[in-house]
Amino acid sequence: MSPGSRSAAIPDQIVGRDGSVTVPYAGRVQVAGRSQHEVEAAIVERLRGEAIEPQAVVNVTRNITNTVTVTGEVANGARVPLSLRGDRVMDVIAAAGGYRSPVHETFVTLTRGDRTARAPIQALLANPREDIYLRAGDILTIERTPPTFTVMGATSANAVMPFDARGLTLEEAIGRAGGLTDSQADPGGVFVLRYEPASLAREFPNVAPSLLERGPVPVAYHLNLREPAALFAARRFAIRDKDILYVSNAPLVDITRVVQLFQTVSQPAVQGVVVSRYLK
């Protein structure tokens with residue numbers, strides 16, 4: 001600048017719906033579709049006659065059209081601008097202040113157009129390939145959803161039980177449920193029920209084609225704990241969120257229950273016959 005010249009910094013201007021911004025003494029200047037140098041030249045042209053040898057420097061501080069919206073269980077929900085090098089899911093979550101819930105209870109949902117995908121944060125941390133690059137207009141929703149599994153059947157506790165931070169194996173799930181009930185459980189009848197993707201279910205034998213056409217396929221995994229190898233398999237089998245652990249009753253227990261039910265139903269009738277005979 002020449003001696004005696006003056007400069008003025010104009011506050012950040014948001015580009016309007018008409019693609020223009022307001023510059024003092026220059027009025028509305030069209031900026032959409034123009035480079036920074038073109039906008040500078042347009043402002044200088046508008047300022048001729050209003051200032052001596054006008055000059056203008058234009059900077060793009062935030063490109064709102066190149067942002068991702070982050071909401072939910074984050075410290076600061078906001079529209080986060082994407083950098084020129086590209087940003088992954090975890091980069092944008094960090095820019096929004098990070099997630100507030102425990103990592104093993106945190107899920108992220110990505111909405112892109114009319115498509116939605118959901119995954120646990122742990123999956124992104126464990127497998128960097130899952131931490132994909134985001135695009136302008138994406139929406140990230142961070143949710144706190146404590147993972148749980150349901151225990152049913154011949155165990156000491158039938159309930160909905162939470163996971164801990166490091167995950168859970170079938171062996172640990174059985175232990176958390178108090179183990180199999182000695183007098184009732186059938187060790188050969190331990191099942192884990194869950195929905196599996198059709199791509200995985202195709203590898204199983206005797207799967208009806210109609211099931212594969214419906215999306216996620218209900219699958220029952222059977223474990224016979226009478227076999228020593230099954231005990232080691234239970235230590236490797238991972239329990240997933242919303243799995244159902246079911247332990248069937250021993251056949252003798254079922255027979256005993258039928259007998260008890262019969263006695264419960266028939267005993268009053270037998271007494272009634274005796275009473276009516278006595279009254280006669």
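Predicted model only: the values in this text are computed from it and were never measured. (Residues numbered from 1 in each chain as written. Predicted model: local features only at pLDDT ≥ 70, side-chain atom pairs only at ≥ 80, totals over all residues. Heavy atoms only, no water.)

Quick notes on the overall build of the protein
And step 1. For the protein, the helix and strand inventory stands at 8 helices and 12 strands.
And step 2. Of the accessible surface of the protein, which amounts to about 18700 Å², a share of 56% is contributed by carbon and sulfur atoms. (Helix = DSSP H or I, 4+ residues; strand = E, 2+ residues; numbered from the N terminus. Areas by Shrake-Rupley, 256 points an atom, 1.4 Å probe, with all protein chains shown as cover.)

Observations concerning the sheet that holds strand 11 (residues 217-223)
Within a beta sheet, neighbouring strands are joined by backbone hydrogen bonds and run either parallel or antiparallel to one another.
And step 1. Ordered in space as 9-8-12-10-11, the 5 strands form an open sheet in which the pairing is mixed. The two strands at the open ends of the sheet, each matched to only one other strand, are strand 9 (160-162) and strand 11. Geometrically, the sheet is characterised by an average inter-axis angle of 25° between neighbouring strands, direction not taken into account.
And step 2. In this sheet, strand 9 lies alongside strand 8 (residues 148-153) in antiparallel orientation, the contact comprising 3 bridges. Note that in strand 9 the partner of threonine 148 across the bridge is proline 162. (Pairing = 2+ DSSP bridges. Axes fitted to C-alpha atoms, helices over the stretch in contact; angles between N-to-C directions.)

Things to note about the confidence of the model for the protein
And step 1. Per-residue confidence for the protein averages 81 on the pLDDT scale, and 86% of its residues sit at or above 70.
And step 2. Below pLDDT 50 for its whole length, residues 261-280 participates in 1 contact with residues either more than four positions away or in separate chains. (pLDDT = per-residue confidence, 0-100. Contact = heavy atoms within 4.5 Å.)

A word on the pattern of salt bridges
And step 1. Summed over the entire model, instances satisfying the criterion amount to 13 salt bridges.
And step 2. The closest approach of N and O atoms between glutamate 45 and arginine 48, which form a salt bridge, is 3.3 Å. The two residues glutamate 45 and arginine 48 agree in class, both being exposed.
And step 3. Aspartate 186 serves as the salt-bridge partner of arginine 226, at 2.7 Å between the closest nitrogen and oxygen. Separated by 40 residues along the polypeptide, arginine 226 in the loop between strand 11 and helix 7 (228-236) and aspartate 186 in strand 10 (residues 185-196) bring together distant segments of the chain.
And step 4. For aspartate 186, a relative accessible area of 13% puts it in the buried group.
And step 5. Shared partners join several salt bridges into a network, and the residues in it are Arg194, Glu196, Arg240 and Asp243. (Salt bridge = Lys/Arg side-chain N within 4 Å of Asp/Glu carboxyl O. Buried < 20%, exposed > 50% of the residue type's maximum accessible area, 1.4 Å probe, protein only.)

Things to note about the nonpolar core
And step 1. Judged by nonpolar contacts, the single largest core of 20 residues is most densely connected at Phe149, Leu170, Val190, Leu223, Ile239 and Leu245.
And step 2. Listing elements by their share of this core, those giving two or more residues are strand 8, helix 4 (170-176), strand 10, helix 7 and strand 12 (244-249).
And step 3. With residues near it in sequence (within four places) discarded, leucine 170 still touches Val192, Leu223, Ala234, Phe237, Ile239 and Leu245. (Core = buried A, V, L, I, M, F, W, Y, C linked by side-chain atoms within 4.5 Å.)

Let's talk about the sheet that holds strand 3 (residues 67-72)
And step 1. With respect to topology, 5 strands assemble into an open sheet ordered 4-3-7-5-6, the strand pairing being mixed. A strand with exactly one partner marks an edge of an open sheet, and here the two such strands are strand 4 (78-81) and strand 6 (115-120). Across this sheet, the average inter-strand angle for adjacent strands is 25°, counted without regard to direction.
And step 2. Here strand 5 (residues 106-112) runs beside strand 7 (residues 139-144); their pairing, made up of 6 bridges, is antiparallel. Within the sheet, the bridge partner assigned to threonine 111 lies in strand 7 and is isoleucine 139.

Regarding helix 1 (residues 36-47)
And step 1. Its 12 residues place the ends of helix 1 17 Å apart at the C-alpha level, agreeing with the 16 Å of an ideal helix rising 1.5 Å per residue.
And step 2. Every buried residue of helix 1 is accounted for by Val39, Glu40, Ala42, Ile43, Val44 and Leu47.
And step 3. Taken together, the buried residues of helix 1 touch strand 1 (20-23) and strand 2 (27-30).
And step 4. Once helix 1 finishes, glycine 49 follows within two positions and takes phi at roughly 95°, a positive value. (Expected span 1.5 Å × (residues − 1).)

Describing the pairing of strand 8
And step 1. Joining the antiparallel neighbours strand 8 and strand 9 is a turn of 6 residues.
And step 2. Where strand 8 and strand 12 come together, 4 bridges link them in parallel fashion. What sits directly across from methionine 152, in strand 12, is tyrosine 246.

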